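Chain residues, written in single-letter form:
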Amino acid sequence: MDSLSVEHLTGIKDLTKKDIEIIFKTADAFKEVINRPIKKVPSLRDITIANLFFENSTRTRLSFELAEKRLSADVVNFSAASSSVKKGETLIDTVNNILSMKVDMVVMRHPNPGAAKFLSERVDAKVINAGDGTHEHPTQALLDSYSIRERLGSVDGKKVVIVGDILHSRVALSNIYCLQKLGAEVMVCGPTTLIPKYIDALGVKVEHDLRKALEWCDVANMLRIQLERQDMKYFPSLREYSMQYGLTKDILDELSKELVVMHPGPINRGVEITSEVADSDQAIILDQVENGVAVRMAVVYLLAAGIKRE
Ligand code: CP
């Protein structure tokens, strides 16, 4: 069996191109499984997985839970809002208590950048990062590139623009790493205040004019403005942002070609994208969600191969 070069999935930065290709090949097989009448395989019948969510989530949490159940793993779910974290328990104490109940793998979303890596170095379980603050969201980037590959045949040589709040976006950073490893050219587009100062070090193009960015690209990935992470005002108003960077059908119709439109969700309809565009045939937003289950099945399955079964 093909195996990954990593013990944990804490970020795309640590993966090789071959790792990503192995994940995609495995996801192809699982995509076939989840489209069968019986959507379950017994692969992880003896594995227990804890999904620890210290931050809100709809897609990622449900997608991991479904992926784990489709692989026949035993699953426990933890939400910080209803836990003893509220009574002051530390991350390590919380996780070690959960692991003492014989848990083999932890999927964790946490508001602090580096939290998944920190955990992976301190606990005796496989760790998957389901989003760590403004740092990385590796499975989102994998499902995004997988969806581009599905729609356009390959990621290699494609031009992808990521539009919006790049500064606060873990989706942007993981996508940049993943797309570049697969041979795509990447551009970021947004107001100067939402483009990080270190962006040049990432080897991406920068464009502040949405129309020029869209003329350049094959794929536009529209990001949400993360007001919950913004500690100051980065633009005058959402209305002004939307006028400069919101994707509308009129803008798409003015282009000389047809683009693939993506969004990781949750969507702020009428801000970064109109409903007309989000619900159009050019948008692959629900394909991304469907592919998320197959890609997460692949990641969980491949990392579980390294777990010792006694
Ligand atoms: N794309 C994404 O991470 O969505 P959730 O926050 O709902 O998990």
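Residues numbered from 1 in each chain as written. Predicted model: local features only at pLDDT ≥ 70, side-chain atom pairs only at ≥ 80, totals over all residues. Heavy atoms only, no water.

Visitor: How do you make sense of the side chain of Ser57 when you look at a structure like this?
Guide: Among the secondary structure elements, Ser57 is positioned in the loop between strand 1 (48-53) and helix 2 (59-70). Residue Ser57 is classed as buried on the basis of its relative accessible area, which comes to 16%. Side-chain polar atoms of Ser57 contact the backbone nitrogen of Thr60, separated by 3.4 Å. Polar contacts involving the side chain of Ser57 include one to the main-chain amide nitrogen of Arg61, which spans 3.1 Å. (Helix = DSSP H or I, 4+ residues; strand = E, 2+ residues; numbered from the N terminus. Buried < 20%, exposed > 50% of the residue type's maximum accessible area, 1.4 Å probe, protein only. Polar contact = N/O pair within 3.5 Å; in protein donor to acceptor, adjacent residues only side chain to side chain.)

Visitor: Would you mind showing me how to read the environment of Leu52 here?
Guide: Following the sequence through the fold, Leu52 ends up in strand 1. Residue classification places Leu52 among the buried residues on the basis of a relative accessible area of 0%. In the structure, Leu52 is positioned 107 residues away from Lys159 in sequence and 35 Å away in space, judged by C-alpha atoms. Excluding residues within four positions of it along the chain, Leu52 makes contact with Phe78, Val95, Ile98, Val106, Val107, Met108 and Arg109. (Contact = heavy atoms within 4.5 Å.)

Visitor: Looking at this model, I keep getting lost on the pairing of strand 6 (residues 185-189). Mind explaining?
Guide: Side-chain direction in a regular strand flips from residue to residue, so the side chains alternate between the two faces of the sheet. The buried count for strand 6 comes to four of five residues, which makes it a mostly enclosed element. With five bridges joining them, strand 5 (residues 159-163) and strand 6 adopt parallel strand pairing. Note on strand 6: the bridge partner recorded for Val161 is Met187. After leaving strand 5, the chain enters helix 6 (residues 170-181) and then returns to the sheet as strand 6, a path that is right-handed. Relative to strand 7 (residues 205-207), strand 6 runs parallel, the two being bridged by three bridges. Within strand 7, the position partnered with Cys189 by the bridge is Glu207. (Pairing = 2+ DSSP bridges. Right-handed = clockwise from strand over helix to strand, strands pointing away.)

Visitor: Please explain the side chain of Ser145 as it appears in this structure.
Guide: Within the secondary structure, Ser145 is located in helix 5 (residues 138-152). Since its relative accessible area comes to 0%, Ser145 is described here as buried. Excluding its chain neighbours within four sequence positions, the residues that come into contact with Ser145 are Phe24, Val155, Cys178, Leu179 and Leu182.

Visitor: Is there a simple way to explain the sheet that holds strand 5 in this structure?
Guide: Two modes of strand pairing occur in sheets, parallel and antiparallel, and in both the strands are linked by backbone hydrogen bonds. Pairing within the open sheet is parallel, and its five strands lie in the order 7-6-5-8-9. Looking along the sheet, the strands with just one partner apiece sit at the ends: strand 7 and strand 9 (260-262). Along the sheet, successive strands turn relative to each other by an average axial angle of 25°, direction set aside. Of the pairings in the sheet, the one linking strand 8 (residues 219-222) to strand 9 comprises three bridges and is parallel in character. In the sheet register, Val219 faces strand 9, and the bridge partner there is Val260. The sheet contacts of helix 5 involve strand 5, strand 8 and strand 9, and relative to strand 9 the element is tilted by about 160°. (Axes fitted to C-alpha atoms, helices over the stretch in contact; angles between N-to-C directions.)

Visitor: Quick question: what am I supposed to make of helix 1 (residues 17-34) here?
Guide: A turn of α-helix holds 3.6 residues, and therefore any two residues three or four places apart point the same way. The terminal C-alpha atoms of helix 1, which comprises 18 residues, lie 25 Å apart, in line with the 26 Å expected from a rise of 1.5 Å per residue. Here helix 1 has its buried residues at Asp19, Ile20, Ile22, Ile23, Phe24, Thr26, Ala27, Phe30, Lys31, Val33 and Ile34. Where helix 1 is buried, its residues contact helix 2, helix 5, helix 6 and helix 11 (285-304). (Expected span 1.5 Å × (residues − 1).)

Visitor: Please explain the packing of helix 1 against helix 5 as it appears in this structure.
Guide: When two helices pack together, their arrangement is captured by the angle between the axes and the distance separating the axes. Orientation of helix 1 relative to helix 5, taken along the N-to-C sense of each, is 70°, at an axis distance of 11 Å. Overall, the two elements helix 1 and helix 5 adopt an arrangement that is roughly perpendicular. Here Ile20, Ile23, Phe24, Ala27, Asp28 and Lys31 of helix 1 lie close against helix 5, whose contacting residues are Leu142, Ser145, Tyr146, Arg149 and Glu150. Across the contact of helix 1 with helix 5, the residue classes tally to six nonpolar, one polar and four charged. (Parallel < 35°, antiparallel > 145°, perpendicular 65-115°, else oblique. Nonpolar A, V, L, I, M, F, W, Y, C, P; charged D, E, K, R; others polar.)

Visitor: Just to check I follow, could you spell out the site of the ligand for this structure?
Guide: In the region of the ligand, the neighbouring residues are Ser57, Thr58, Arg59, Thr60, Arg109, His137, Gln140, Pro264 and Gly265. Taking Pro264, its main chain carries an N or O atom lying 2.8 Å from a nitrogen atom of the ligand. Within the contact set of the ligand, a nitrogen atom lies 3.2 Å away from a backbone nitrogen or oxygen of Gly265. Starting from 260 Å² of accessible surface for the ligand in isolation, the protein chains cover 91%. The residue makeup of the shell around the ligand, split by class, is one nonpolar, six polar and two charged. (Near = heavy atom within 4 Å. Areas by Shrake-Rupley, 256 points an atom, 1.4 Å probe, with all protein chains shown as cover.)

As far as function goes, none of this settles anything; it's purely spatial.
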